[in-house]
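So the chains spell out like this:
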Amino acid sequence: MPNPKFSAPADMGTEMRDVESDITTNDRIAPYIRRSDRLVPETPKQQLRIKRKWELENSRLRERPRMDPCEVRTWQLDRLRALVDGAYTTIPFYRELYSAVGFEPGDIVTWSDFEQLPVIDKRMLIEAGVSEETRNAAGTRTVHSARTSGSSGLNLTILQDNASTDYRVLLNMRHAELALGRALKPDDWRYQVYFAAERLTSLLGAYPYVTVAQECPTDVLLENLAQVRPQVMLCFPSYLQRLAEENVALDALGVETIITNSERSSREEREKYSRIFRVPVLDEYSSEEFSLIAYECRERHYHLVEDSAYMEVALADETGFGHMVGTSLGNAFMPFIRYDQGDIVRLANPDATCGCGSRFRMIDAFRGREDEKLRDGRSRTVPADAVLGLCDRTLVVEESNVLQYQIVQVAPDRIEVRLQLSDPRKDTEDNVLLTEFVRELSSLFLHEKMRIDIVHVGAFDTFVSGKRRLIYAEGAWARD
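Here is a short report on the structure shown in this document.

Here is what the cut-offs are and how they apply
Residues numbered from 1 in each chain as written. Predicted model: local features only at pLDDT ≥ 70, side-chain atom pairs only at ≥ 80, totals over all residues. Heavy atoms only, no water. Helix = DSSP H or I, 4+ residues; strand = E, 2+ residues; numbered from the N terminus. Buried < 20%, exposed > 50% of the residue type's maximum accessible area, 1.4 Å probe, protein only. Contact = heavy atoms within 4.5 Å. Lys, Arg positive; Asp, Glu negative; His and termini not counted. Charge placed at Lys NZ, Arg CZ, Asp CG, Glu CD. Polar contact = N/O pair within 3.5 Å; in protein donor to acceptor, adjacent residues only side chain to side chain. Core = buried A, V, L, I, M, F, W, Y, C linked by side-chain atoms within 4.5 Å. Axes fitted to C-alpha atoms, helices over the stretch in contact; angles between N-to-C directions. Parallel < 35°, antiparallel > 145°, perpendicular 65-115°, else oblique. Nonpolar A, V, L, I, M, F, W, Y, C, P; charged D, E, K, R; others polar. Phe/Tyr/Trp six-rings, centres within 6.5 Å; stacked < 30°, edge-to-face > 60°. Pairing = 2+ DSSP bridges. Right-handed = clockwise from strand over helix to strand, strands pointing away.

1. Comments concerning the overall build of the protein chain
Part 1 of the reasoning: When its secondary structure is counted, the protein chain shows 13 helices and 21 strands.
Part 2 of the reasoning: Taken along its principal axes, the extent of the C-alpha atoms in the protein chain is 60 × 60 × 50 Å.
Part 3 of the reasoning: The 480 residues of the protein chain split such that 53% are buried.
Part 4 of the reasoning: Within the protein chain, counting contacts between residues at least 6 apart in sequence, those at least 24 apart form 66% of the total.
Part 5 of the reasoning: When the 62 basic and 77 acidic side-chain charges of the protein chain are each reduced to a single mean position, those positions are 2 Å apart.

Printed below as a string of structure tokens:
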């Protein structure tokens, strides 16, 4: 039976709810509860605004995956026209880029017109200072920021206004419904194991969303799950691997579905976890730039989230694999238009159907994401989520002076942290964040006394897709 403490309060809709305190059931879980430390804190006004939008728009959002594909394409093109014209008007980078190819506002009439626009990438946005341009043009508007390197290791600050963040929240709520196979109820909990807290913890008490650090011991997490009894769990695959060793059926703890994110996992791995936990374990394909890109449905197909981003495959080879080039449909504030983030995919036949009922296009296969792991002795690997969490707290922070990074295990007892600095004139010896990173990374190894060297490089190794490998082991020893 649900614990009354974790049900939506009777006066829900009047004030903010301290959900982090609600789930802090004892001193064991307390150190691992993540609270938001964002520069723009959540407010009752923001929560009320998004709650009202959800109540107004949830029916339309639920219907959209089942819409006729031609209607979706028409809706997308209308949105893209406005997005491109707005970017030209407000962002100097886009105005200069598009003027160079003869584009003027109003020129996009057909899909062919849109496809003539240049493809961009993260490095182009960084070198052009698009984040700064966007911030300068914001005026008095509230600006939300996120610092990201994703799996590329190239740091970019992404900015959004209230409309952009609100839309992202709404799509994430629908995503939870698709994973559940039913509508979200106001007292349904979403329980995330991640580096940092979600932007919103509830909508004035309804739809609570909490975050627990990935360092949380599995026995402590299971104890907390038994008390909170969340309906949706979001988690790194590498943390699920550790959790699976406990061999606990999570359906008995109230969990109805698990969504994996941030790391690559195979269908076989997720199906294995589904059997162990006795709930569907479904993957999410997302990035800070686009938010939701695709979701794995209960039929085990990846559907593009067609109202989050318009995705196209460029430079496809004879097998259909090409660069995934996307345009965010939810962030008109700092637009990502025909943006290549380095992933190689192949789309399914557009006439293919899915038993889940969604008519959104499907991804047939990925090429370009690889497991990221470091070896600790012959039988242990350092969990990818622990390494990525450490990077997020140190190397991704602007004050770290790190433009790009790569963590390469070159021998059983030696790691190279390969860097490009934002300002090469600054000495790394006095870099507190870099020193913290080295110290904490070495502490993750239990069987090897790891030597960690800082190496300044001019180029990085990449996958065949062109996306730089972020965390990996190299050399013949790693294949043993």
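2. Some remarks on the environment of Q231
Part 1 of the reasoning: Within the secondary structure, Q231 sits in the loop between α9 (218–228) and β7 (232–235).
Part 2 of the reasoning: Only 2.7 Å separates the side chain of Q231 from the backbone nitrogen of W189, close enough to count as a polar contact.
Part 3 of the reasoning: Only 3.2 Å separates the side chain of Q231 from the backbone oxygen of R229, close enough to count as a polar contact.

3. Description of the nonpolar core
Part 1 of the reasoning: In this structure, L221, M233, L250, I258, F277, I407 and L441 are the most contacted members of the largest nonpolar core, which totals 54 residues.
Part 2 of the reasoning: The biggest single contributor to this core is α9, with five residues.
Part 3 of the reasoning: Sequence-distant contacts of L250, that is, excluding residues within four places in its chain, are made with L222, L225, M233, L243, V255, I258 and F277.
Part 4 of the reasoning: Ranked by size, the runner-up nonpolar core spans 42 residues in total, among them L83, F93, Y98 and F103.

4. Considerations on the packing of helix α3 (residues 69–90) against helix α4 (residues 92–99)
Part 1 of the reasoning: Contact geometry for α3 and α4: axes closest at 5 Å, N-to-C directions at 105°. When the axis of α3 is compared with that of α4, the two are roughly perpendicular. Together, V84, A87, Y88, T89 and T90 of α3 and P92, Y94, R95, Y98 and S99 of α4 make up the contact between the two elements.
Part 2 of the reasoning: Partitioned by chemical class, the residues of the contact of α3 with α4 number six nonpolar, three polar and one charged.

5. Section: unusual backbone geometry
In terms of backbone geometry, most residues other than glycine have negative phi values and most peptide bonds are trans.
Part 1 of the reasoning: Even without being glycine, S291 reaches a positive phi, approximately 60°.
Part 2 of the reasoning: Looking at the element boundaries, S291 is found in strand β10 (residues 291–296).
Part 3 of the reasoning: Its relative accessible area of 10% is what places S291 among the buried residues.
Part 4 of the reasoning: Although it is not a glycine, N401 adopts a positive phi angle of roughly 65°.
Part 5 of the reasoning: Assignment of secondary structure puts N401 in the loop between α12 (384–393) and β18 (402–411).

6. Observations concerning the packing of aromatic side chains
Part 1 of the reasoning: Applying the stated rule across the entire model yields 15 aromatic pairs.
Part 2 of the reasoning: Measuring from centroid to centroid gives 6.1 Å for Y273 and F277, while their planes differ by 35°, and the two rings are tilted. Placement of both Y273 and F277 in helix α11 (residues 267–277) is noted, with a separation of four residues, approximately one turn of the helix.
Part 3 of the reasoning: Taking the relative accessible area as the measure of exposure, Y273 reaches 2% and is therefore buried.
Part 4 of the reasoning: For F277, a relative accessible area of 0% translates into the label buried.

7. Digging into the pairing of strand β19 (residues 414–421)
Part 1 of the reasoning: Of all eight residues in β19, seven are buried; the element is thus mostly enclosed.
Part 2 of the reasoning: Here eight bridges tie β18 to β19, and the two strands are oriented antiparallel to one another. Its bridge partner being in β19, Q409 is matched across the sheet by I415.
Part 3 of the reasoning: Between β18 and β19, which pair antiparallel one after the other, the connecting turn spans two residues.
Part 4 of the reasoning: Here β19 runs beside strand β20 (residues 451–456); their pairing, made up of six bridges, is parallel. Its bridge partner lying in β20, L419 is registered against H456.
Part 5 of the reasoning: Assessed by its sense of winding, the connection that carries the chain from β19 through helix α13 (residues 432–443) to β20 is right-handed.

8. Considering the environment of D22
Part 1 of the reasoning: Within the fold, D22 resides in helix α1 (residues 19–23).
Part 2 of the reasoning: C-alpha of D22 to C-alpha of R135: the two residues are 113 residues apart in sequence and 36 Å apart in space.
Part 3 of the reasoning: In this structure the side chain of D22 is engaged in a polar contact, spanning 2.9 Å, whose partner is the side chain of R17.

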